[in-house]
Amino acid sequence: MYPRSFKDSNGDGIGDIPGIISKLDYLKELGVDVIWLSPVYQSPNDDNGYDISDYRGIMDDFGTMADWEKLLAEVHGRGMKLIMDLVVNHSSDEHAWFLESRSSKENPYRDYYIWRPGRDGREPNNWTSIFSGPAWEYDGQTGEYYLHLFSRKQPDLNWENPKVREEIYDMMTWWLDKGIDGFRMDVINMISKTEGLPSAGGDRYAWGGDYFMNGPRVHEFLREMNEKVLSRYDIMTVGETPGVTPDDAARYANADGTELNMVFQFEHMELDSGRGGKWDPCGWKLKDLKATIGRWQTGLHGRAWNSLYLNNHDQPRMVSRFGNDREYRVESAKMLATFLHTLEGTPYIYQGEELGMTNVPFKGIEDCRDVETLNMYRERVTEGGGNHDEVMNAIRIKGRDNARTPMQWSTEENAGFTTGTPWLHVNPNYTEINAEAALADTDSIFHYYRKLIALRKTHPVIVYGSYEIVVEDDERIYAYTRTLGNDRLFVMLNFTGETASFASPYPLLAGGGGELLIANYPVGEGSETSGLDAELQLRPYEARVYLLKAV
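Parameters and conventions
- Residues numbered from 1 in each chain as written.
- Predicted model: local features only at pLDDT ≥ 70, side-chain atom pairs only at ≥ 80, totals over all residues.
- Heavy atoms only, no water.
- Buried < 20%, exposed > 50% of the residue type's maximum accessible area, 1.4 Å probe, protein only.
- Helix = DSSP H or I, 4+ residues; strand = E, 2+ residues; numbered from the N terminus.
- Pairing = 2+ DSSP bridges.
- 1 Å grid on protein atoms, 1.4 Å probe; cavity = no way out; pocket = protein on both sides within 12 Å on 5 of 7 lines; lining within 4 Å.
- Points joined across faces, edges and corners; volume = space filled by probe spheres on them.
- Nonpolar A, V, L, I, M, F, W, Y, C, P; charged D, E, K, R; others polar.
- Axes fitted to C-alpha atoms, helices over the stretch in contact; angles between N-to-C directions.
- Parallel < 35°, antiparallel > 145°, perpendicular 65-115°, else oblique.
- Left-handed = near helix turned anticlockwise from the far one by under 90°.
- Contact = heavy atoms within 4.5 Å.
- Salt bridge = Lys/Arg side-chain N within 4 Å of Asp/Glu carboxyl O.

(A) Representation of the pairing of strand β21 (residues 543-548) in the model. With six of its six residues buried, β21 lies for the most part within the structure. Examined bridge by bridge, strand β17 (residues 487-494) and β21 share six bridges and lie antiparallel to one another. In the sheet register, F490 faces β21, and the bridge partner there is Y546. One ladder, built from five bridges, connects strand β19 (residues 514-519) with β21; its direction is antiparallel. Pairing of E515 across the sheet is with L547, part of β21.

Below, the structure written as structure tokens:
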């Protein structure tokens, strides 16, 4: 959940904790078990709360600690759980630790962050920041540079310092003792940097991920965190780990439980990135999606646990990216939901996904609020002289603000999100796409999600079954089975806006071997098969899930 965009209770245009409380029954009706709350801690908001200045305080925009405590009680009272975002690769430059750290080289907090002298009048190394520009900021007060893998207002904490780790573990224990149910850990695989912080090749600036992603001591640090904090509570943990392989993930989320419960990986999020990276969008191919998903489904089976998602607060809307947000918005949103909820792992639903919310037709850079987007635009257009239209097109496709427009609750002004001026423009399609309409329509995307969630709670094969691809080469149909004991699930998905024929390897006629569990189109007589290799016609973005007779 992205609190800033969920529901505003006081008319200041910013979503808040009382607003979340007012919509908990909506989440309960959807079938949500666990709410992941993006940061609500005290922050100057350079990166919308991911720059924390006080880990034990609540941001004024969101409410008070009393509001938060009421939220926790209300969540628990409905049988749901609450996990908090843990952002400890970096803090805000306004955190008390950093204010002390930058005050002098002799300060006891100096080594809480990563400071280095310059080299030949330049930065200590050539790493680029994930948010554009160099990853180092010069501080005139002490004449040295500090490392910031993200914004210059997000200095990296020095995990090599045992005092830093103890401070973090103490803070985590404080929140767990208040009753939270776990943590989502922001870029947790970046906390260990290669000794010496070497440059990445000889270019003036270059991507240095090889030296700070999955670093030499990261597993040591997480095992220590687990031993001192996590293992002492009955909680859920998920780590955000860009750049991991299935083998890496099996170490982070190992079955022995010595580190985390699961991780977020990003391979499938990079399928539509060109050679220039995220801001060089290109088309994606279904065979590549199949290969990536298959690698993770088979690679972690019996070894670790998958996180299942197609969008979140950092990614564009999935129906715009992987489906068709125009003539087949409803059908493709349901198909993609079927895909996510019939794989092995834990599905994550991002707010508005269950309504089929779409990307936004941003008119210009003045409509954007995201620090990553604004930095990129400044670097490429304002300073670099790049083409405004090309960059804005990339922003409309891949910008993080696509996911951060306010939740669309109703046809009221500002989609019922606020009575004031929203902090980010509401998507103008809210009059058509909103929760009020979805709840009233029994055939809506929302109610389809409810059915999918209920199916996962009814059929263990959907949760735990092994995965096997049925046809690899088809660029239109994605079909696979999930098998657990004598149960076999058969999933067929059409990823295109055209009718596609498919030769089913299983007889699907109800009397001969298949129970239709869910479909996003009506399935009547003549649309099932009575024999092997019988041709099926799958309509645009059609999804069907069958439970086959005992194998």
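Now, onward.
(B) Seen up close, the layout of surface pockets. Each pocket or cavity is described by its volume, and for the largest pocket that value is around 1100 Å³. Lining the largest pocket are 36 residues, with I130, W207, E270, K278 and E372 positioned closest to its centre. Secondary structure elements with two or more residues in the lining of the largest pocket: β12 (277-281) and α11 (371-382). A per-class count over the lining of the largest pocket returns 13 nonpolar, 11 polar and 12 charged. Computed from the structure, the second largest pocket encloses a volume of approximately 920 Å³. Among the secondary structure elements, those contributing two or more residues to the lining of the second largest pocket are α2 (24-30), β1 (34-37), β14 (346-347), α14 (445-458) and α15 (460-464). Split into classes, the residues belonging to the lining of the second largest pocket amount to 20 nonpolar, 10 polar and four charged.

(C) Examining the packing of helix α10 (residues 329-341) against α14 more closely. Contact geometry of α10 with α14 gives a least axis separation of 10 Å together with a crossing angle of 15°. Of the possible angle classes, the one that applies to α10 and α14 is roughly parallel. As for how α10 packs across α14, the hand of that crossing is right-handed. From α10, R329, V330, A333, K334, A337, T338 and H341 reach across to α14, where they touch I445, Y448, Y449, L452, I453 and R456.

(D) Geometry of the pattern of salt bridges. In total, this model carries 39 salt bridges according to the counting rule given. We note a salt bridge from E542 to R544, for which the minimum N-O separation is 2.9 Å. R544 matches E542 in its accessibility class, with the two residues each being buried.

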